[in-house]
Amino acid sequence: MHGGALIARQLKARGVEFIFTLCGGHISPILVGAKQEGIRVIDVRQEPTAVFAADAVSRLTGVPGVAVVTAGPGVTNSITAVKNAQMAHSPIVLFGGAPATALRGKGALQDIEQLKLFDTLVKWSASLKQDCDVASIVEEAFDVAKSGIPGPVFIECPIDLLYDEQIVRQWYTRKSEEGRGGLRDRVTQWYLRRHVDKLFACSPISEEHARKDAVEPFYVDSREVEAVGKRLLYSEKPVIIIGSQAALRTEQMDKLSEGLKKLGIPMFLTGMARGLLGPDSPMQFRNGRGRALKEADLAIIAGMPCDFRLNYGRQINRDAFHIAINRSKKDMRSNKKADLAVHADPCTFLLALANSFHLLPQDRTQDRTDLWLRRLQNNESRGQERIRSYMDAETDYINPLYLCDQINRALDENSVIVGDGGDFVATASYIVNPRKPLCWLDPGPYGTLGAGAGFALAAALVRPDARIWILYGDGAAGYSLMEFDTFVRHGVPVIAVVGNDAGWTQINRDQVEILQDDIGTRLNYNRYHEVAAGLGATAFFLSDRAEIESVFKSAKTAARSGHPV
């Protein structure tokens, strides 16, 4: 059994159903081994897509996603997507090819110092040294990726540890016999034979051992749960902001959704937490978050730091009691010191809070709390009215807010929305509402463009019964539009909508106002649908708002038939 097959066996044992890759000679045995184990191998057109897809698998299933990239350029091409996973707390396992162990540092093809490259990007990294390293290193990788603050890990796989021992011995024998038989050549032959002996010095099959791959959630202190519950009871103007970290325990999302509804506290949901309250909960607010935090007397920030999204904590009322709930001690204390810092998994803590809240004496000042709720609802109504006024405006091309509203109407109960863009996705986040938990995917706090195709690819594979929508800005579409080739080859029926305003408008707006120059921010009104059609997809061009409903209906029909659109 060659090293690639050993890796595949370990992946299968840990529940991996898909690996994402762009082929390369250094990694071929892993791909073949995965296929033989019944793991579906999805080959894409650029390495970042493979890593983004692995990222989305982990977000939707809780099982670390797996990407396999070839040595050198394959590894370096993956860096942005790995950093995105790190900042989004996504547990992924990245396997990277590498030159043969005896040739490291000697100018071999695509030989670079890969482990050092990942020092600041991953939680842990390792390089295979012997064939019997595989089981223990893969085991460690999955445990580290999922534990504590989840994140990416990297495993370097030298090519001579991926192929069958007999083939590797032939390689090294051929190298050693290239000389003429002098003393130096005999020493070289001895050295290479000895080197191979060390590579295969142990029996990988006999040393494999099964281990249940489970990482227990953080312990929850009942005293902290009670303290937060009492604060909620005595607060007149509470507000909770829930971030992506609350969605890490994917198997608990339905319970969390029900628990949050029981709390009856005004909430703003961000990132992967979108959808936790369904599309129309009276406790969920999308407009006026900054104003709510400025007026609140209790601000609970669960599962996100006080970073740029919360104006580094300056949005929070200085006199409010601030509670931070986070797996990361660093994020919990970032920029603004909390009055109560709870080091715990947000999902686990909020579930405990919801389950115990009704047991506390309900003597809160309900009249004042209802007044606070009505104030937030008025803010929400004003925000929605403002959006509707823009939605009704006459525009030269299709009104983007109207288009987003039509997308929202076209969504099915199990639709998954993938956001990849600037203005278009920021607008959609106020209008397009996921119907249930884990149905909204965006890159996260890194602000990366280019994640759309990988996220959608993973969502379609993990949830074959769901309808997957990509909302592309025209700038973002340029990063991964070529992956329509991947969608077609693998029968992945996503629907992508490109909001085409012929520019990097989110950048253009400030640049022109401040610097009076639009250099580098203009694009053409390219016919992106023709690119997709050229790659085998079903394609539509929308230029008349009256056609939107019928085109979306046709798009959904095509997707149900297995065609990407």
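In this report, the structure presented in the accompanying data block is examined. (Residues numbered from 1 in each chain as written. Predicted model: local features only at pLDDT ≥ 70, side-chain atom pairs only at ≥ 80, totals over all residues. Heavy atoms only, no water.)

1. Focus: the state of the cysteines
Point 1. Tallied over the full model, the rule gives zero disulfides.
Point 2. There is no disulfide at Cys-23, and the cysteine sulfur nearest it, in Cys-157, is 16 Å away.
Point 3. For Cys-23, a relative accessible area of 55% corresponds to the exposed category.
Point 4. Not engaged in a disulfide, the cysteine Cys-404 finds its nearest cysteine sulfur in Cys-439; these two sulfurs lie 18 Å apart. (Disulfide = S-S within 2.5 Å. Buried < 20%, exposed > 50% of the residue type's maximum accessible area, 1.4 Å probe, protein only.)

2. With respect to the nonpolar core
Within soluble globular proteins, side chains that are nonpolar generally end up buried alongside one another.
Point 1. In terms of nonpolar packing, the biggest core is built from 89 residues, with Phe-20 and Ile-242 touching the most fellow members.
Point 2. In contact with Ile-242, not counting residues within four places along its chain, are Leu-260, Met-267, Phe-268, Leu-269, Thr-270, Ala-273, Leu-276, Ala-302 and Leu-350.
Point 3. Formed by 37 residues, the second largest nonpolar core is a distinct cluster that contains Ile-30, Val-134, Phe-142 and Ile-159. (Core = buried A, V, L, I, M, F, W, Y, C linked by side-chain atoms within 4.5 Å. Contact = heavy atoms within 4.5 Å.)

3. Overview of the packing of helix H1 (residues 3–13) against helix H7 (residues 133–146)
In a packed pair of helices, the relevant descriptors are the angle between the two axes and the axis-to-axis distance.
Point 1. Packing of H1 against H7 brings their axes to within 10 Å, and their N-to-C directions diverge by 40°. Considered as vectors, H1 and H7 are oriented oblique to each other. For the element pair H1 and H7, the recorded crossing hand is right-handed. Contacts from Leu-6, Ile-7, Gln-10 and Leu-11 in H1 reach Val-134, Ala-135, Val-138 and Phe-142 in H7. (Axes fitted to C-alpha atoms, helices over the stretch in contact; angles between N-to-C directions. Helix = DSSP H or I, 4+ residues; strand = E, 2+ residues; numbered from the N terminus. Parallel < 35°, antiparallel > 145°, perpendicular 65-115°, else oblique. Left-handed = near helix turned anticlockwise from the far one by under 90°.)

4. Looking at the pairing of strand S11 (residues 340–343)
Point 1. With burial as the criterion, only one face of S11 is covered, namely that bearing Leu-340 and Val-342; the residues Ala-341 and His-343 on the opposite face remain uncovered.
Point 2. Looking at chain direction, strand S10 (residues 321–326) and S11 are connected through four bridges and run parallel. Of the residues in S11, the one forming a bridge with Ile-325 is Val-342. (Pairing = 2+ DSSP bridges.)

5. Considering the sheet that holds strand S13 (residues 440–441)
Point 1. Overall, parallel pairing links the four strands, which are arranged S13-S12-S14-S15 in an open sheet. Both outer strands of the open sheet, S13 and strand S15 (495–499), are each paired with one neighbouring strand and no more.
Point 2. Here strand S12 (residues 416–420) runs beside strand S14 (residues 468–473); their pairing, made up of five bridges, is parallel. Residue pairing in the sheet places Asp-420 in a bridge with Tyr-472 of S14.
Point 3. Helix H18 (residues 423–431) contacts S12, S13, S14 and S15 of the sheet and is inclined by roughly 130° relative to S14.

6. A look at the pattern of salt bridges
Point 1. Evaluation of the coordinates by the stated rule reveals 17 salt bridges.
Point 2. Ionic pairing is found between Asp-43 and Arg-489, a salt bridge with its closest N-O pair at 2.9 Å. Of this pair, Asp-43 sits in strand S2 (residues 40–43) while Arg-489 sits in helix H21 (residues 484–489), and the two are 446 residues apart along the sequence.
Point 3. Assessed through its relative accessible area of 30%, Asp-43 is described here as partly exposed.
Point 4. Between Glu-258 and Lys-261 there is a salt bridge; the shortest N-O distance is 3.8 Å. With Glu-258 and Lys-261 both in helix H12 (residues 253–263), this residue pair falls three residues apart, about one helical turn. (Salt bridge = Lys/Arg side-chain N within 4 Å of Asp/Glu carboxyl O.)

7. Here we look at the packing of aromatic side chains
Centre-to-centre distance and the angle between the planes together describe a pair of aromatic rings.
Point 1. This model, assessed by the stated rule, comprises six aromatic pairs.
Point 2. Taken together, a centroid distance of 4.9 Å and an interplanar angle of 35° make the contact between Tyr-397 and Tyr-525 tilted. In this pair, Tyr-397 is assigned in the loop between helix H16 (366–391) and helix H17 (400–410) and Tyr-525 in the loop between helix H22 (505–515) and helix H23 (528–534), connecting sequence segments 128 residues apart.
Point 3. When the ring of Trp-469 is compared with that of Phe-552, the centres are 5.5 Å apart and the planes differ by 80°; the resulting orientation is edge-to-face. Separated by 83 residues along the polypeptide, Trp-469 in strand S14 and Phe-552 in helix H24 (residues 548–560) bring together distant segments of the chain.
Point 4. Taking NZ or CZ as reference, Arg-527 lies 4.8 Å from the ring centre of Phe-541, over its face.
Point 5. Note that Arg-545 overlies the ring of Tyr-402, its terminal NZ or CZ placed 3.6 Å from the centroid. (Phe/Tyr/Trp six-rings, centres within 6.5 Å; stacked < 30°, edge-to-face > 60°. Lys NZ or Arg CZ within 6 Å of the ring centre and 35° of its normal.)

8. Let's talk about the sheet that holds strand S1 (residues 18–21)
Point 1. Spatially, the six strands line up as an open sheet ordered S2-S1-S3-S4-S6-S5, and their pairing is parallel. The strands lining the two open edges of the sheet, one partner per strand, are S2 and strand S5 (124–127). Averaged over all pairs of adjacent strands, the angle between their axes in this sheet comes to 20°, without regard to strand direction.
Point 2. Note: strand S4 (residues 92–98) against strand S6 (residues 153–158), six bridges, orientation parallel. Bridge pairing in S6 links Ala-98 to Pro-158.

9. Considering unusual backbone geometry
Point 1. The phi torsion at His-89 lies on the positive side, around 60°, for a residue other than glycine.
Point 2. Within the fold, His-89 resides in the loop between helix H5 (79–88) and S4.
Point 3. According to the relative accessible area criterion, His-89 is buried, its value standing at 12%.
Point 4. Even without glycine at this site, Ala-502 takes up a positive phi of about 60°.

From the geometry alone we can't say anything about function, so treat these as descriptive.
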